[in-house]
2 protein chains.
Amino acid sequence: MEIRIEIIGFGTVGMGFLEILNRKADILKEKHGFVPKIVAISDKIKGSLIDYKGLDIQKLIKILKEGGNLKDYGKGFYTFEEKNSIDIIEEIDSDILIEMTYTNINTGEPATTHIKKAFEKGKHIVTSNKGPIALFYKDLKKMADERNLLMGIEGTVLSGTPVFNLVEETFPPNSIKRIKGILNGTTNYILTKMETEGMSYESALKKAQDLGYAEADPTADVEGFDALAKVLILSNVIMGGDLKKEDIKREGITKISSEDIKEAAKNGFRYKLIGSVERDENDKIIASVKPLKIPFSDPLSGVSGAINALTFETDLLGEVTIQGPGAGKLETGFSIMIDVLRIFKKINKQEKK
Amino acid sequence: MEIRIEIIGFGTVGMGFLEILNRKADILKEKHGFVPKIVAISDKIKGSLIDYKGLDIQKLIKILKEGGNLKDYGKGFYTFEEKNSIDIIEEIDSDILIEMTYTNINTGEPATTHIKKAFEKGKHIVTSNKGPIALFYKDLKKMADERNLLMGIEGTVLSGTPVFNLVEETFPPNSIKRIKGILNGTTNYILTKMETEGMSYESALKKAQDLGYAEADPTADVEGFDALAKVLILSNVIMGGDLKKEDIKREGITKISSEDIKEAAKNGFRYKLIGSVERDENDKIIASVKPLKIPFSDPLSGVSGAINALTFETDLLGEVTIQGPGAGKLETGFSIMIDVLRIFKKINKQEKK
C-alpha cells in the first residue's frame, strides 16, 4: 500500500530517512507491504519540492550526494517564499507529516504550529524535534487522540534506540517507578575522555568540538539543557507527568575537574550526567539533570563515549537497561522509519476494515 | 474480552504469572480490555484442576501461599492419572495453552508433544520452555503459521527482558548482523565473584549453589549447555538459521582460574561466558558459546552478577544492548504475560472483523 509522506525541515536526519527508504525499499515492500510516496519536501533554506505522484527517491539522493540541491531535481521546485511549509501542509494531501525542523526548546516553533496544522488536516505526525514534545506534549496528544491520529516521537530521545516503542510494546503491564540515564552523548564523551585520558575539561571539550560532537557554543550540551528537554519528554510522555522546564533541577558538567574524576574512580565511582524521573511516595513526578557519581557496578557506569542509555525501574521486571546510539544520520533516520512503519500498520488496518 | 487459558506445568513461573494476573487485574481490564479465565492447570506432580467458568485466581494464590495444593481448591481436582496434560489439551476448549514444564534439551519432551497437540486443537501457545524451541522451532513455527496461530517464546531467553518482542516490534527494517551476549546468570555470577572477591572457581560455585543460583549438579550452567540452548534459539528464531545442537561450538567456564581473571583485568579485560550468533560473508550462520576476554569498554563487560544482556549489531542502528534479569518468578511470569497480551490483541482484532 502506498503511504503519502511530506517532509518539513530537511537536514541530516531527513537525508538518513531517504537513504533508509532507498536501501530498504525491497524489504519494506515485500515484508511489510509498505510503499512510500514522498509527495513534498520543504525546508526554509533549501526551498520546497512537490510531486503528487511521489518523488524519485533514488534520483533525489544521487543529486544531493553529488552536491546538488532540491532545485536540481528538475520539476516541482519552489522557493520557500513561493511555497512555505504551512502552504505545503495545508494544500497537499498526505497521510503522514514528518517534522524535522531544528529544535527550539524555548518556543517549540515553528514545529508546534506545523504539527497542529497537520492534525487539523487529518495527517499523522512523526517528529525528531524535541521542542514541541517537551513543551506541549499534553495538548498535542489530545489533538491527536481526538482525531484518531498517531504522533511518533521515537527520535526525540536516544535517536533510533528504542525508548517509546520499547515501553509501549514490551513493558505492559509493568508500572515504571523510575527512569534514569545518560541522555546526552557530548557530555558523556567529554567525561569519558577526562577519565580515560586524564584530559582537562577544556581539552576534552575542544576534542568533542573538533569531532563535531559539540557545537561552537556548547552551552546546550554542557549545561544540561539538551538532557533537560529529554527528561521533560520522558516525564510527560512515559511517566504521565505534567512538568514544565522550570520544574526540573538542572546542573551541567562544567564544574567537574579531572581531579574529581580521579578521586571518584579510586573509590569505585564514575561521574555521569544523569537525567532522572521518578514518582515519589505521594505520586508526584520528580525530575532532574545533574552529574552523579555512579558505582562501577551500575550498568550506566559502563556507558562510554557518545553512547546513550536508559535504565527503567519496573515493578515486575526490576531494572532493564537499553543502551545504544543517541545521534547520527542513519540512527535518527531509523527513528523516523520505525514510527512511519507503525503508522502505516494502523492505516493499513483501518483500510482493511 | 475473556480469554480462556490453560496452564501445563505449574511451578515457580506459573505462580509468578498468576500473581501478575492478580496484581494487575484492574489495569489489564481497564487499559487493555483483557480478562483472563484460567480454565485448567495441569502438573505431573501436583495434579489437574479444571473449571470451565474460570478458576478464582485470588483464592488459588491464597491456598498455595498458605502451603496448600491444587486439590485444596475444593472442586474440579483430578489426579494426574485421572486427567493428564494430554487429556486437558484435547478435551478442554481454550484460546491459549501456556507450556511451562521443565526443559529437556535432549528430547524437548513432553513440551513438544503438548505444543503440537495444542496447535492441532487450534490453540495459541506461550512457553518459557527452551527444549521445543531450541530443537524444533522450524516445525512448530510452520504448524502455527498454517493455522494462523501465534507462538510466544519471550521467556525462553533473558526471561521477561524483551528480546523477541524487542526485535519484532522495534527493529525492522534493520538487518541484524550479529547477536552476542551473556545468557546465563549463574556463570556470570561465578565469574563476577571470582573477580571482585578473588574467590576460587570452587568457592564461587559453592556460593552460587548456596544462593540457589546453581543446581547441585551445575553442569548445565558451568559447561555452557544452558547458554547453548539459548544461542540455538536466537540462531533459528531471529537469525533465520537452521542449526542443530551439534553445530554450535561450546566451552564452559570450568577451566578459568582466578589468576586468569586477574591477569585479564590488569590489561583492561574481563572474562565473560559469551553466546554469539553471526552471519558470515557467505551468509552462513555461525554460533558459539565460550568464555571470552571482553574489553572494559564493551557494554557486556559491565554486566555483573546474575544479570543477562544481549548486544545486537544492526546495519542502521549500529550496536544496541539490552540488559536485565534472566530469571526469577515475577520476571519470567512477566514473559508469559507479555506474550499472552500480544495474542489477546490478535484475537481481539479478529473478533472485531
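Rules used in this analysis
- Residues numbered from 1 in each chain as written.
- Chains lettered and ligands numbered in written order.
- Predicted model: local features only at pLDDT ≥ 70, side-chain atom pairs only at ≥ 80, totals over all residues.
- Helix = DSSP H or I, 4+ residues; strand = E, 2+ residues; numbered from the N terminus.
- Expected span 1.5 Å × (residues − 1).
- Buried ≥ 20, exposed ≤ 12 C-beta atoms within 10 Å, placed from the backbone.
- Least-squares fit on C-alpha atoms with pLDDT ≥ 70 in both.
- Contact = placed C-beta atoms within 7 Å.
- Pairing = 2+ DSSP bridges.
- Axes fitted to C-alpha atoms, helices over the stretch in contact; angles between N-to-C directions.
- Nonpolar A, V, L, I, M, F, W, Y, C, P; charged D, E, K, R; others polar.
- Core = buried A, V, L, I, M, F, W, Y, C linked by C-beta atoms within 7 Å.
- Parallel < 35°, antiparallel > 145°, perpendicular 65-115°, else oblique.
- Left-handed = near helix turned anticlockwise from the far one by under 90°.

A.B. asks: Could you give an account of helix 11 (residues 225-238) of chain B, naming the residues involved and the relevant values?
C.D. replies: All names here are of chain B. Taking 1.5 Å of rise per residue, the 14 residues of helix 11 would be expected to cover 20 Å, and the 20 Å separating its terminal C-alpha atoms lies within 8% of that figure. Here helix 11 lies mainly inside the structure; 12 of its 14 residues are buried. Regarding helix 11, the residues found buried are Asp226, Ala227, Leu228, Ala229, Lys230, Val231, Leu232, Ile233, Leu234, Ser235, Asn236 and Val237. Just past helix 11, the residue glycine 240 takes up positive phi, approximately 70°.

A.B. asks: A description of the relation of the copies chain B and chain A should follow, citing residues and the corresponding values.
C.D. replies: Expressed as a screw operation, the relation of chain B to chain A combines 0.0 Å of axial shift with a rotation of 180°, fitting to an RMSD of 0.0 Å. In short, the pair behaves as if placed about a two-fold rotation axis. In terms of C-alpha distance to the rotation axis, chain B has B:Ile322 as its closest residue, with the C-alpha 2.3 Å off the axis. When the interface residues of chain B are mapped onto chain A, 100% of them again lie at the interface, so the same face is used by both copies.

A.B. asks: I'd love a proper account of the environment of A:Asp315, names of residues and values included.
C.D. replies: Residues and elements named next belong to chain A. Structurally, aspartate 315 is set in the loop between strand 12 (307-314) and strand 13 (318-325). Sequence separation between aspartate 315 and lysine 177 is 138 residues; the distance between their C-alpha atoms is 7.1 Å. Setting aside chain neighbours within four positions, we find aspartate 315 in contact with Asn174, Ser175 and Lys177.

A.B. asks: Explain the sheet that holds strand 5 (residues 96-99) of chain B residue by residue, including any values.
C.D. replies: Residue and element names in this part refer to chain B. Strand order across the open sheet formed by seven strands is 4-3-2-1-5-6-7, with mixed pairing between neighbours. Across the chains shown, the open sheet's two edge strands, defined by having one partner strand only, are strand 4 (77-78) and strand 7 (151-152). Those strands touched by helix 13 (residues 329-352) are strand 1 (2-8), strand 5, strand 6 (124-127) and strand 7, and its axis lies near 165° from that of strand 6.

A.B. asks: Let's hear about the sheet that holds strand 8 (residues 176-182) of chain B: which residues, and what values?
C.D. replies: The 12 strands are arranged 9(A)-11(A)-10(A)-8(A)-12(A)-13(A)-13(B)-12(B)-8(B)-10(B)-11(B)-9(B) in an open sheet whose pairing can be described as mixed. With partners counted over all chains shown, the strands left at the sheet margins are strand 9 (249-250) of chain A together with strand 9 (249-250) of chain B, one partner each. Summarising the sheet, strand 12 of chain A and strand 13 of chain A pair through eight bridges and their orientation is antiparallel. Residue pairing in the sheet places A:Ala309 in a bridge with A:Gln323 of strand 13 of chain A. Packed on one face of the sheet, helix 8 (residues 185-196) of chain B meets strand 8, strand 10 (269-279) and strand 12 (307-314) of chain B and runs near 150° to strand 10 of chain B.

A.B. asks: Please set out the pairing of strand 12 of chain B residue by residue, giving values where relevant.
C.D. replies: All names here are of chain B. When you tally the buried positions in strand 12, you get seven out of eight residues, the bulk of the element. In terms of strand pairing, strand 8 meets strand 12 through six bridges, oriented antiparallel. Note on strand 12: the bridge partner recorded for isoleucine 179 is phenylalanine 312. Linkage of strand 12 to strand 13 (residues 318-325), two consecutive antiparallel strands, is achieved through a turn of three residues.

A.B. asks: Describe the interface of chain B and chain A, and please don't skip the residues or the numbers.
C.D. replies: Accessible area lost upon the coming together of the parts serves often as the stated size of an interface. Contacts between chain B and chain A engage 35 residues on the former and 35 residues on the latter. Counting residues per element, the ones that place at least two in the side of chain B that touches chain A are helix 2 (25-32), helix 7 (164-170), strand 13 and helix 13 of chain B. For the side of chain B that touches chain A, the leading source of residues is strand 13 of chain B, giving eight residues. Within the side of chain B that touches chain A, the residues separate by chemical class into 18 nonpolar, 13 polar and four charged. Relative to strand 13 of chain B, strand 13 of chain A is paired through three bridges, and the arrangement is antiparallel. Pairing of A:Thr321 across the sheet is with B:Gln323, part of strand 13 of chain B.

A.B. asks: A description of the nonpolar core should follow, citing residues and the corresponding values.
C.D. replies: Grouped together as the largest cluster of nonpolar side chains are 196 residues, with contacts concentrated most on A:Val231 and B:Val231. Sequence-distant contacts of B:Val231, defined by excluding residues within four places in its chain, comprise B:Leu183, B:Ile248, B:Gly275, B:Val277, B:Ala287 and B:Val289.

A.B. asks: How would you summarise the pairing of strand 8 (residues 176-182) of chain A if you had to cite specific residues and measurements?
C.D. replies: All names here are of chain A. Burial of strand 8 is extensive: five of the seven residues sit out of reach of the surface. Note: strand 8 against strand 10 (residues 269-279), four bridges, orientation antiparallel. Considered in strand 10, the bridge of glycine 181 is made with glycine 275.

A.B. asks: Lay out the packing of helix 5 (residues 111-120) of chain B against helix 6 (residues 130-146) of chain B with the relevant residues and their values.
C.D. replies: Two packed helices can be described by the angle between their axes and the distance between those axes. Residues and elements named next belong to chain B. It is the contact of helix 5 with helix 6, at a shortest axis distance of 10 Å, that shows an interaxial angle of 15°. For the element pair helix 5 / helix 6, the angle class is roughly parallel. For the pair helix 5 and helix 6, the sense of crossing is right-handed. Contact residues: helix 5 offers Ala111, Thr112, Ile115, Lys116 and Phe119, while helix 6 offers Gly131, Pro132, Phe136, Leu140, Met143 and Ala144. Looking at the contact of helix 5 with helix 6 residue by residue, the class counts come to eight nonpolar, two polar and one charged.

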